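Notes for the structure review
The lines below spell out each chain.
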Amino acid sequence: MNKNLDLRVQKTYTCLMNARLDLLKEKASEESTVNELCERALVGRGTFYKHFSDKYEIFSFV
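Residues numbered from 1 in each chain as written. Predicted model: local features only at pLDDT ≥ 70, side-chain atom pairs only at ≥ 80, totals over all residues. Heavy atoms only, no water.

**Some words on the packing of aromatic side chains**
Selection rule: Only Phe, Tyr and Trp rings take part, Trp by its six-membered ring, and two of them pair if their centres are within 6.5 Å. Stacked means planes under 30 degrees apart, edge-to-face means over 60, and tilted covers everything else. Counting from the N terminus, the helices are the DSSP runs of H or I reaching at least four residues and the strands are the DSSP runs of E reaching at least two. Throughout, exposure labels follow a simple rule: accessible area from a 1.4 Å probe, protein chains only, divided by the maximum for the residue type, with under 20% read as buried, over 50% as exposed, and the rest as partly exposed. Any Lys NZ or Arg CZ found within 6 Å of a ring centre and within 35 degrees of that ring's normal is scored as a charge over the ring.
If you walk through the whole model with that rule in mind, you get four aromatic pairs. Ring geometry for Tyr13 and Phe52: centres 5.6 Å apart, planes at 50 degrees, overall tilted. Highlighted residues: Tyr13 in helix H1 (residues 7-26) and Phe52 in the loop between helix H3 (45-51) and helix H4 (55-61), separated in sequence by 39 residues. Of the two residues, Tyr13 and Phe52, both sit in the buried class. Measuring from ring centre to ring centre gives 5.9 Å for Tyr56 and Phe59, while their planes differ by 90 degrees; the resulting arrangement is edge-to-face. Pair noted here: Tyr56 and Phe59 are both in helix H4, with a separation of three residues, about one helical turn. What makes Phe59 buried here is its relative accessible area of 17%. Cluster of aromatic residues (ring-pair linked, three or more members): Tyr13, Phe48, Tyr49 and Phe52. Here Arg20 stacks its cationic end above the ring of Phe59, 3.6 Å away from the centre of that ring.

If you want it as structure tokens, here you go:
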């Protein structure tokens, strides 16, 4: 992860990536939703969409 990022952004990315990996253990990428990801990461949908355009972008990011 880029060390020049704001600490809050780093924490958001970490939470989203961990939630993404947890969801992968339970269901396929196509079956998971942005809502599930945000709930698990304790991140708002607005925050998610500030950093990623859709769920497929975070899947490729991870």
